[in-house]
Amino acid sequence: MKLYNTLTQKKEAFVPIEEGKVRMYSCGPTVYNYFHIGNARPFIVFDVLRRFLEYIGYDVKFVQNFTDVDDKMIRVAAEEGITVKELGERYIGEYFEDAKALNIRPATVHPKATEHIGDIIALVQKLVDTGHAYELNGDVYFDT
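Keep in mind it's a predicted model, so treat the numbers as computed, not measured.

Quick look at the overall build of the protein
- When its secondary structure is counted, the protein shows four helices and six strands.
- Each of the three principal axes of the protein carries a C-alpha extent, and together these read 50 × 45 × 25 Å.
- Relative to all contacts within the protein whose residues are 6 or more apart in sequence, the contacts with residues 24 or more apart total 60%.
- Accessible surface, the protein as shown: approximately 10200 Å² in total, 56% of it carbon and sulfur.
- If you average the places of the 17 positive and of the 22 negative side-chain charges in the protein, the two averages end up 8 Å apart.

Here it is in structure tokens:
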């Protein structure tokens, strides 16, 4: 099987890092509303890839996050008079309902951004410290 490697910009033979095992990560939804067909496409694509890898014998650990805090969520929660956490939990539940209707299997792990804020801050600080990102007016940008 060949996959497109965005780093080398070439199709390359798939070779797992660890024999017989695959670790996959896919960005999940920002949970401020229902997901739409544009969101569904990558969810389906990664589900199909995972199923294929399992079918040909790999043990697959698939991680798909939930972004459960961002500016849109804060705005929508304020408009509805609820907490961001309440909004996130509602649409995480809706995600699972809609994914089930599309026959998308749940990921092995679904971490929430809010459960890893310290990790995110540390990673961003490391990017700044190593010169791969910079701060400007309170925001951090990749140094392209």
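On we go.
What about the pattern of salt bridges?
- With the rule as written, the count across this model stands at seven salt bridges.
- As a salt-bridge pair, E54 and R50 come within 3.4 Å of each other at their nearest N and O atoms. Residue E54 and its partner R50 are located together in helix α1 (residues 37-55), separated by four residues, close to a single helical turn.
- Taking the shortest distance from any N to any O, the salt bridge between R75 and E79 comes out at 3.3 Å. Taken together, the residues span about one helical turn, with R75 and E79 both in helix α2 (residues 71-80) at a distance of four residues.
- Residue classification places R75 among the partly exposed positions, given a relative accessible area of 45%.
- Among the residues examined, E79 registers a relative accessible area of 58% and is labelled exposed.

A closer look at the pairing of strand β2 (residues 10-13)
- Sheet topology places strand β1 (residues 2-5) next to β2; four bridges connect them, and they run antiparallel. Bridge pairing links Y4 to K11 in β2.

Side note on unusual backbone geometry
- Phi is positive for Q9, which is not a glycine, with a value near 60 degrees.
- At N103, a residue that is not glycine, the phi angle is positive and equals roughly 65 degrees.
- Relative to the helices and strands, N103 is located in the loop between α3 (84-101) and α4 (117-129).
- In this structure N103 comes out as exposed when scored by relative accessible area, which is 53%.

Concerning a nonpolar patch on the surface
- A cluster of nonpolar side chains, contributed by M1, L3, F52, Y55 and I56, occupies part of the molecular surface with about 510 Å² of accessible area.
- Its location among the elements puts I56 in the loop between α1 and β4 (59-64).
- You can call I56 partly exposed: its relative accessible area is 43%.

A look at the packing of aromatic side chains
- Overall, the coordinates contain nine aromatic pairs when judged by the stated rule.
- Each ring, one from F35 and one from Y95, has its centre 5.4 Å from the other, and the planes form 50 degrees; the classification is tilted. Of this pair, F35 sits in the loop between β3 (21-26) and α1 while Y95 sits in helix α3, and the two are 60 residues apart along the sequence. A single burial state applies to F35 and to Y95, both of which are buried.
- Measuring from ring centre to ring centre gives 5.4 Å for F43 and Y95, while their planes differ by 85 degrees; the resulting arrangement is edge-to-face. Linking F43 in helix α1 with Y95 in helix α3, this pair joins segments that are 52 residues apart in sequence.
- Owing to a relative accessible area of 5%, F43 belongs among the buried residues under this scheme.
- Members of the aromatic cluster, connected to one another through ring pairs, are F35, F43, F66, Y95 and F96.

Here is what the cut-offs are and how they apply
- Chains are numbered independently. Their residues run from 1 in the order of the written sequence.
- Only residues with pLDDT of 70 or above have their local features reported here, since the model is predicted, and side-chain atom pairs are shown and tallied only from 80 upward, although totals for entire chains, interfaces and linings are computed over all residues.
- As a rule here, side-chain values cover all heavy atoms of the structure and leave hydrogens and water aside.
- The secondary structure listing takes helices from DSSP runs of H or I that are at least 4 residues long and strands from runs of E that are at least 2 residues long, numbered from the N terminus.
- In this description, contact between two residues means that some pair of their heavy atoms is separated by no more than 4.5 Å.
- Residue-level accessible areas treat just the shown protein chains as cover; the underlying method is Shrake-Rupley with a 1.4 Å probe.
- Under this rule, positive means Lys or Arg and negative means Asp or Glu; His and the chain ends count for nothing.
- The atoms used to mark charge sites are NZ of Lys, CZ of Arg, CG of Asp and CD of Glu.
- Put simply, a salt bridge is a Lys or Arg side-chain nitrogen that is within 4 Å of an Asp or Glu carboxyl oxygen.
- For the exposure calls, accessible area comes from a 1.4 Å probe over protein chains only, and a residue counts as buried if that area is under 20% of its type's maximum, exposed if over 50%, partly exposed in between.
- We treat two strands as partners when DSSP finds at least two bridges between them.
- Residues with no salt bridge and a relative accessible area higher than 30% make up the patches, which join like charges within 9 Å and nonpolar side chains (Val, Leu, Ile, Met, Phe, Trp, Tyr) within 5 Å.
- Geometry of aromatic contacts follows a simple scheme: Phe, Tyr and Trp rings, the Trp one being its six-membered ring, pair when their centres are within 6.5 Å, and the pair is stacked under 30 degrees between planes, edge-to-face over 60, tilted otherwise.

Geometric descriptors of this kind do not, in isolation, establish any biological role.
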